[in-house]
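# Analysis of the macromolecular model
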Amino acid sequence: MRIAVVPGSFDPVTLGHLDVIGRTARLFDRVHVLVTHNPGKQALLEVDERVRLIRESLAEAGVDGVEVDSLSSGLLVDYCRKVGAEALVKGLRSSTDAAYETPMAMVNRDLAGVETLFLVAQPATSHVSSSLIRQVAALGGDIAPYVPRAVAAALQPEGPVRG
Ligand code: PNS
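Residues numbered from 1 in each chain as written. Predicted model: local features only at pLDDT ≥ 70, side-chain atom pairs only at ≥ 80, totals over all residues. Heavy atoms only, no water.

Further remarks concern the sheet that holds strand β1 (residues 3–8). Taking strand neighbours across the sheet as the criterion, the five strands line up as β3-β2-β1-β4-β5 in an open arrangement whose pairing is parallel. Edge strands, defined here as strands with exactly one partner in the open sheet, are β3 (66–71) and β5 (115–120). Neighbour to neighbour, the strand axes of the sheet diverge by 30° on average, direction disregarded. Where β1 and strand β2 (residues 30–36) come together, six bridges link them in parallel fashion. For Val6, the partnering residue across the bridge sits in β2 and is Val33. Across the sheet, helix α2 (residues 47–61) touches β2 and β3, and the angle it forms with β3 is around 170°. Most of the contacts of helix α4 (residues 95–112) go to strand β4 (residues 87–92), to which it runs at about 175°, and overall it touches β4 and β5. (Pairing = 2+ DSSP bridges. Helix = DSSP H or I, 4+ residues; strand = E, 2+ residues; numbered from the N terminus. Axes fitted to C-alpha atoms, helices over the stretch in contact; angles between N-to-C directions. Contact = heavy atoms within 4.5 Å.)

Encoded structure:
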């Protein structure tokens, strides 16, 4: 049984995340999406709300067999050990992502022998980030092209101010 963990802040989940999760589900027998709290980032959504939106988005996209969980404390690799995962999977959009992700991948392998696999983002979503979505939503712009329907409904229940 090959098990992978797809970790992230997912604040909120985007179409880019959904693509990476779906592609991971095709490569592994079981996938755990793990929502983490990143103290270095100003959060928009509560962790439980992020979990709910990921579950709804996966159901809407017809992606089966994916567990969605959250990590409030402790190391990512301890969660991997607990669920028997041998790999972390992350999306890579740019060389900036690679520079940010590479040291974490090395530390996670040093700590517990957990490998990190990178899936190259689709061109259609390679410019999409949760931080940009948060900013566009806060300023009333239309986020619908970048996020699952459940996320657009949660963040902009009355639609964009500027469409
Ligand atoms: O989506 P993000 O904010 O870039 O994801 C951040 C993530 C999940 C990679 C980071 O918050 C994380 O790894 N958290 C778990 C704590 C941990 O294990 N830290 C050591 C990793 S080197």
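On we go from here.
For the rest of this paragraph, the subject is the site of the ligand. Every residue close to the ligand is listed here: Gly8, Ser9, Thr36, Asn38, Lys41, Leu75, Leu76, Lys90, Tyr100, Met104, Val107 and Asn108. One of the side-chain nitrogen or oxygen atoms of Asn38 is found 3.1 Å away from an oxygen atom of the ligand. At a separation of 3.3 Å, an oxygen atom of the ligand approaches a polar side-chain atom of Tyr100. Protein chains shield 78% of the accessible area of the ligand, which is 550 Å² for the free molecule. Ranked by residues supplied to the shell around the ligand, first place goes to α4 with four residues. Per-class residue counts for the shell around the ligand are five nonpolar, five polar and two charged. (Near = heavy atom within 4 Å. Polar contact = N/O pair within 3.5 Å; in protein donor to acceptor, adjacent residues only side chain to side chain. Areas by Shrake-Rupley, 256 points an atom, 1.4 Å probe, with all protein chains shown as cover. Nonpolar A, V, L, I, M, F, W, Y, C, P; charged D, E, K, R; others polar.)

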